[in-house]
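The chain contents come next:
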Amino acid sequence: MKKVIVIGLGQGGALVAGKLALAGYDVEVFERASRGATSHDWHDDIRFDIFEICGIAPPPTHCYTQKSKWLFVSPDEKNSLKVPPAKPMEEVSVSRRGLVDHLVALAEESGAKVHFDTPVERLVLDGDSVVGVVVDGEELHADLVVDASGFNSPFRAQIPAKFGVPAEAGKGGVMKGWRGFFVRNEEAETPNPESTLYVKHLDGAGISWCNLNDRNEVDVLIGRIDTLTEEDKDKCLEALYKSHPILTDQVLKEGKWVDIGLRCTAGGIVADGYALVGDSAFMTMPFMGSGIEASMKAGLWLGEHIISTNPDKFDAEHLWGYQVKYFEELGASYTLVDVVKRWALNINPDEINWLFGCGAVTNEDMALLSTDTENPVKLTLGDILKKVGILLKNGHLIGQAIKWVLKGVNAMNVAKKLPKKYNLKKVQKWQNKYDNIIVKIERGKQ
Ligand SMILES: Cc1cc2nc3c(=O)[nH]c(=O)nc-3n(C[C@H](O)[C@H](O)[C@H](O)COP(=O)(O)OP(=O)(O)OC[C@H]3O[C@@H](n4cnc5c(N)ncnc54)[C@H](O)[C@@H]3O)c2cc1C
């Protein structure tokens with residue numbers, strides 16, 4: 001029986017633990033948080049069909065409700081666009097703790113041994129191979145260590161450089177956020193739609209939202225690319241008080257500082273004895289709120305790859321098929337979104353105001369900017385052309401738009417061309433090319 005250690009009980013970690021335990025692997029999971037207090041004490045949006053895709057039951061009905069409707073507002077707050085609602089229950093707002101508790105219950109029923117309040121201190125390496133972890137000062141050995149410890153995984157930095165696993169997300173790779181929940185002003189009118197998202201709020205590189213959820217809480221998020229100061233957060237909050245009579249200063253849940261992954265997937269997500277799943281591999285589609293599903297799908301595909309190939313050794317060569325599957329299904333299209341995102345952040349607020357106000361972008365177009373599409377992750381040529389079409393309607397931005405979309409398509413094509421069979425030299429050559437695209441864009445070289 002092969003031994004697998006999973007670090008972290010995010011959605012991806014819990015899912016892969018359950019799949020492998022059910023198939024007879026000896027699976028041990030270490031989570032630093034306590035049982036019942038893992039993940040966030042709030043709801044986030046997912047597509048409901050993720051449970052069917054992963055072949056598991058959905059969580060109990062009290063854990064989710066219909067996703068709320070969204071309004072996007074221009075930086076000058078003069079114009080707004082409504083995101084058309086998806087079909088009923090196609091997308092749901094799910095309790096983060098409820099979802100993780102559900103996945104943990106499934107993993108434990110399948111035979112995984114789960115340890116809460118148990119942080120993994122570091123990886124154990126023998127030469128270039130990961131052979132275990134250190135927990136409570138003790139070395140525990142395993143054939144495979146799955147790193148599902150989230151965006152700030154300290155373990156990536158321990159992996160030998162030859163595998164191309166980046167230690168950090170790099171510039172433009174994170175949205176520093178603050179999220180708090182407030183008592184609703186009962187005298188204020190209920191907003192319609194319930195959720196408002198400010199693009200480049202107060203002209204900053206990021207977003208703010210104010211959302212009256214169906215638990216009658218006012219949910220506030222303020223996010224900025226790479227840095228969010230306390231002062232900027234307070235200014236945005238002050239502005240939200242003015243524009244949202246529904247928002248009071250009575251705190252329901254203390255504000256929490258968070259990191260939201262914004263960059264495309266790491267070029268190396270496997271090494272000898274080691275695989276990354278979820279945010280630890282930067283698997284969120286930049287700005288599209290898809291990290292939960294991406295993490296669950298990655299957990300599913302890693303599990304399926306291992307079960308179907310049943311390797312004697314979990315080296316990078318044997319795990320490579322998982323990386324290929326991930327890039328073919330999701331990772332390559334995320335690269336396009338990352339490149340376009342980097343451009344969008346550089347457009348000045350006046351141009352965004354124009355885009356909102358000129359009538360070129362319609363409410364229907366906004367469906368492309370949410371996860372409300374039939375398949376939000378597989379970008380067809382039609383989707384891409386439609387996105388290009390949205391941008392091309394703006395005369396001022398046409399030159400820039402063409403340049404950046406072409407860069408994005410080029411990045412996606414590079415990502416798609418990862419070697420299908422593992423050969424260290426070929427893999428490294430591809431990783432350099434892939435990583436350089438984003439680095440060069442950041443340095444303004446492309
Ligand atoms: C404000 C906010 C809003 C979001 N909204 C959405 C949304 O609407 N839809 C969506 O799909 N995604 C959303 N996301 C992104 C989503 O939260 C992540 O993409 C997703 O949770 C990634 O899951 P994961 O499986 O990688 O694990 P994580 O959820 O990152 O969990 C990692 C786990 O590892 C544990 N851990 C860390 N270090 C150690 C250690 N050393 N030892 C043991 N355990 C450890 C942590 O305690 C944690 O439980 C949002 C994120 C934020 C912050």
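Visitor: Tell me about the sheet that holds strand S4 (residues 64–66), residues and numbers included.
Guide: Backbone hydrogen bonds are what pair the strands of a sheet, in a parallel or an antiparallel way. Taken in spatial order, the 3 strands make up an open sheet running S3-S7-S4, and their pairing is antiparallel. Edge positions in the sheet fall to strand S3 (43–47) and S4, since each of these pairs with one other strand and no more. The mean inter-strand angle of the sheet, taken between neighbouring strand axes irrespective of direction, is 35 degrees. Examined bridge by bridge, S4 and strand S7 (residues 91–95) share 3 bridges and lie antiparallel to one another. When the bridges of S7 are listed, Tyr64 appears paired with Val94. Relative to S7, helix H3 (residues 96–109) is tilted by about 80 degrees, and along the sheet it contacts S3 and S7.

Visitor: Break down the sheet that holds strand S18 (residues 270–271) for me, with residues and values.
Guide: Strands sit in the order S8-S2-S1-S12-S19-S18 across an open sheet of 6 strands; the sheet is mixed. Every other strand in the sheet has two partners, leaving strand S8 (113–115) and S18 as the edge strands with one partner each. By the bridge criterion, 2 bridges tie S18 to strand S19 (residues 274–276) in an arrangement that is antiparallel. If you follow Val270 over to S19, its bridge partner there is Ala275.

Visitor: So what about the environment of Val405? Which residues, and what values?
Guide: Here Val405 is to be found in helix H9 (residues 398–416). Counting along the chain gives 311 residues from Val405 to Val94, while the straight-line C-alpha distance between them is 33 Å.

Visitor: Lay out the packing of helix H5 (residues 291–309) against helix H6 (residues 316–344) with the relevant residues and their values.
Guide: In contact at an axis separation of 9 Å, H5 and H6 are set at 140 degrees when each is read in the N-to-C sense. As summarised for this structure, H5 and H6 are arranged oblique, according to the angle between their axes. Of the two possible hands of crossing, H5 and H6 adopt the one that is right-handed. Residue-level inspection shows Ala294, Lys297, Ala298, Trp301, Leu302, His305 and Thr309 of H5 in contact with H6, the latter providing His318, Gly321, Tyr322, Lys325, Tyr326 and Leu330. Residue composition of the contact of H5 with H6, by class: 7 nonpolar, 4 polar and 2 charged.

Visitor: Got a sec to walk through the nonpolar core? Specific residues and values, please.
Guide: Within the largest apolar cluster, 88 residues are counted, with the highest numbers of intra-cluster contacts made by Val6, Ile7, Ala17, Ala107, Val145, Val146 and Ala275. Among the elements that take part in this core, H6 stands out by supplying 13 residues, more than any other. Structurally, this core is a two-domain feature, drawing no fewer than three residues from each of domain 1 (3–67 + 88–169 + 264–332) and domain 3 (334–442). Among residues more than four places away in sequence, those in contact with Ala107 are Ala14, Ala17, Gly18, Ala21, Val29, Ala112 and Val114. With 26 residues, the next largest nonpolar core counts Trp70, Phe72, Trp178 and Ile246 among its residues.

Reading guide: rules and limits
Residues numbered from 1 in each chain as written. Predicted model: local features only at pLDDT ≥ 70, side-chain atom pairs only at ≥ 80, totals over all residues. Pairing = 2+ DSSP bridges. Helix = DSSP H or I, 4+ residues; strand = E, 2+ residues; numbered from the N terminus. Axes fitted to C-alpha atoms, helices over the stretch in contact; angles between N-to-C directions. Contact = placed C-beta atoms within 7 Å. Parallel < 35°, antiparallel > 145°, perpendicular 65-115°, else oblique. Left-handed = near helix turned anticlockwise from the far one by under 90°. Nonpolar A, V, L, I, M, F, W, Y, C, P; charged D, E, K, R; others polar. Core = buried A, V, L, I, M, F, W, Y, C linked by C-beta atoms within 7 Å. Buried ≥ 20, exposed ≤ 12 C-beta atoms within 10 Å, placed from the backbone. Domains from an automatic or database assignment.

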